[in-house]
Amino acid sequence: DAATEKHQTIGRWHVGSVTALAVDPARAEFATAADDGSVRVWASASGAELIQFDTPGAPARCLEYHPTARWLAAGFDGVVRLFHLEDACTVFEIPHDGGSVVSLVFSSDGAALYSLAASGNVVAYAWTNDGYGPVFLLPPPLNASPKQPLAMTLSGNSLYLGLVRGGAALSVHVETRDVVRFALPTGVTPTSSAFEADSRHVLVHCSDNGLRRFDVMTGLQIGSHLIISCRPRAWCLWREQLFSVSPIGLLQLCLVGSGLDKLRPVQELVGNGSATHLLKTSRDGRWVVSAGGSVVQSWRRHMPRHADADALFDAKVGRQPGDDYLFESHRRGATHPTHE
């Protein structure tokens with residue numbers, strides 16, 4: 001108000017580019033980090049900012065929600081921070097050797113936390129009354145290179161870590177620490193991976209743009225691989241539904257059958273554009289969030305009365321409130337959620 005010099009904040013957003021993304025496993029909210037040094041939590045449907053943390057130094061490279069407590073873990077350069085979302089404060093800082101922390105995963109009960117650093121080393125932490133303490137370290141591979149992809153995922157039963165590092169894909173049993181290396185063809189290197197719902201199989205995306213299924217205990221490939229039509233900039237898996245972002249920013253929803261050759265597109269949505277490099281889905285599959293540059297977009301699943309595995313997303317269909325919001329960054333950090 002010009003007369004009273006009072007103002008009302010109608011929207012907030014990151015000033016810089018988004019560097020990390022996580023979707024809450026139990027609530028309709030998601031968290032982002034950006035190179036403006038902040039970590040923020042948002043309501044998935046309205047885009048309203050719920051919480052903001054200002055962090056010193058380099059921005060967070062990864063985010064992960066605790067499965068049961070109101071905590072958010074963030075990986076920084078040489079440290080993991082746990083934020084309490086109810087009190088909007090930092091509750092723990094955990095030192096981490098090996099450079100920037102690029103990936104974090106909690107066990108399904110939250111009793112363990114696993115971190116992957118830019119050097120390729122993996123640290124496991126166990127919960128005690130004093131916080132999370134280190135349990136074991138998987139040292140970096142001998143042939144590690146800064147240019148090689150790094151990725152980490154955890155099976156649904158929390159027994160196996162799936163890793164991409166040092167030009168190899170492998171699984172690690174978190175109790176016995178047995179390591180199984182997946183048998184990839186000569187000249188083919190992995191880029192990312194995700195566990196299937198049965199926790200026995202891992203899907204691995206490779207440098208030849210092939211998607212391969214491996215047995216987590218033997219490391220052997222199951223069936224033939226599939227060449228994806230467009231090399232994905234990001235992808236994630238929920239049950240038998242695979243979401244991927246094409247080089248031009250289209251979000252594709254495909255169904256993965258018992259044989260990987262049955263992958264077929266079901267729905268295609270206009271996404272954030274070619275800058276999109278982050279893609280996450282909620283644990284219940286109701287929300288999908290993508291991010292790239294200073295833009296984040298969320299979709300809510302359309303759940304008919306007799307929903308099945310083929311239920312689609314409402315984006316661009318019906319234009320119901322809260323179904324499809326696009327948040328664009330402005331120079332001053334303010335943003336207005338708008339339907340496209």
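Scope of this entry: the structure provided in the associated data block. On a predicted model such as this, the values are computed, not experimentally measured, just so you know. (Residues numbered from 1 in each chain as written. Predicted model: local features only at pLDDT ≥ 70, side-chain atom pairs only at ≥ 80, totals over all residues. Heavy atoms only, no water.)

A closer look at unusual backbone geometry
Condition: Strands here are runs of E lasting at least two residues and helices are runs of H or I lasting at least four, both read from the DSSP assignment and numbered beginning at the N terminus. Throughout, exposure labels follow a simple rule: accessible area from a 1.4 Å probe, protein chains only, divided by the maximum for the residue type, with under 20% read as buried, over 50% as exposed, and the rest as partly exposed.
Here Ala 88, not a glycine, exhibits a phi torsion of approximately 55 degrees, which is positive. With respect to the element layout, Ala 88 can be found in the loop between strand S7 (77–84) and strand S8 (89–106). Positive phi, normally seen in glycine, also occurs at Ser 158, with a value near 65 degrees. Its location among the elements puts Ser 158 in the loop between strand S12 (151–154) and strand S13 (160–165). By relative accessible area, Ser 158 is classed as buried at 11%.

Some remarks on the packing of aromatic side chains
Keep this limit in mind: By convention, a stacked pair of Phe, Tyr or Trp rings (six-membered ring in the case of Trp) has centres within 6.5 Å and planes under 30 degrees apart, an edge-to-face pair has planes over 60 apart, and any other such pair is tilted.
Under the defined criterion, the tally for this structure stands at 7 aromatic pairs. Aromatic pair Phe 92 and Trp 127: ring centres 5.7 Å apart, planes at 75 degrees, arrangement edge-to-face. Placement of Phe 92 in strand S8 and of Trp 127 in strand S10 (residues 122–128) is noted, with a sequence separation of 35 residues between them. Judged by its relative accessible area of 21%, Phe 92 falls in the partly exposed class. A ring pair is formed by Phe 106 and Tyr 132, whose centres lie 6.1 Å apart and whose planes are at 55 degrees; its orientation type is tilted.

Description of the pattern of salt bridges
What counts here: For salt bridges, the criterion is a side-chain nitrogen of Lys or Arg within 4 Å of an Asp or Glu carboxyl oxygen.
A complete count under the given rule lists 9 salt bridges for this structure. Where Arg 70 meets Asp 24, a salt bridge forms, and the shortest distance between an N and an O atom there is 3.3 Å. Taken together, the residues Arg 70 in the loop between strand S5 (62–65) and strand S6 (71–75) and Asp 24 in the loop between strand S1 (18–23) and strand S2 (29–34) connect sequence positions 46 residues apart. Of the two residues, Arg 70 and Asp 24, neither departs from the other in class, the shared state being buried. In this structure, the salt-bridge partner of Arg 213 is Glu 196, at a minimum N-O distance of 2.8 Å. Of this pair, Arg 213 sits in strand S18 (residues 210–215) while Glu 196 sits in the loop between strand S16 (190–195) and strand S17 (201–206), and the two are 17 residues apart along the sequence.

A short note on the sheet that holds S17
Sheet strands pair by backbone hydrogen bonding; their relative direction is either parallel or antiparallel. Defined as follows: Criterion used throughout: strands pair if DSSP finds at least two bridges between them. Note on method: axes are straight lines fitted to C-alpha atoms, helices fitted across the in-contact stretch only, with angles between N-to-C directions ranging 0 to 180 degrees.
One open sheet holds the 4 strands; their spatial order is S16-S17-S18-S19, and the pairing between them is antiparallel. In this open sheet, the two strands that pair with only one neighbour each are S16 and strand S19 (221–227). On average, adjacent strands in this sheet sit at an angle of 20 degrees to one another, irrespective of strand direction. Strand direction decides the pairing type here: S16 and S17, joined by 5 bridges, are antiparallel. Within S17, the residue paired with Pro 190 across the bridge is Cys 206.

Quick word on the pairing of strand S26 (residues 295–300)
Of all 6 residues in S26, 5 are buried; the element is thus mostly enclosed. Strand direction decides the pairing type here: strand S25 (residues 287–292) and S26, joined by 6 bridges, are antiparallel. Bridged to Trp 287 within S26 is Arg 300. Counting the residues between successive antiparallel strands, the hairpin from S25 to S26 contains 2 residues, one of them, Gly 293, with a positive phi of roughly 60 degrees.

Considerations on the sheet that holds strand S4 (residues 49–54)
Here we have 4 strands laid out as an open sheet, ordered S1-S2-S3-S4, and antiparallel in their pairing. Here the strands that pair on one side only, and so sit at the sheet edges, are S1 and S4. Put simply, the sheet's adjacent strands are angled 15 degrees from each other on average, direction ignored. Pairing analysis gives 5 bridges linking S2 to strand S3 (residues 38–43), with the strands arranged antiparallel.

Details of the environment of Ser 107
Defined as follows: In this analysis, two residues are considered to be in contact whenever any of their non-hydrogen atoms come within 4.5 Å of each other. Pairing of N or O atoms within 3.5 Å defines a polar contact, subject to two protein rules: one partner must be a possible hydrogen donor and the other a possible acceptor, and residues neighboring in sequence count only if both atoms are side-chain atoms.
Relative to the helices and strands, Ser 107 is located in the loop between S8 and strand S9 (112–117). Residue class for Ser 107 comes out buried when judged on its relative accessible area of 5%. Here the alpha-carbon distance between Ser 107 and His 66, two residues 41 residues apart in the chain, equals 8.7 Å. Here Ser 107 is in contact with Pro 67, Ala 112, Leu 154 and Ser 158, once residues within four sequence places are set aside. At a separation of 3.2 Å, a polar atom in the side chain of Ser 107 contacts the main-chain amide nitrogen of Ala 111.

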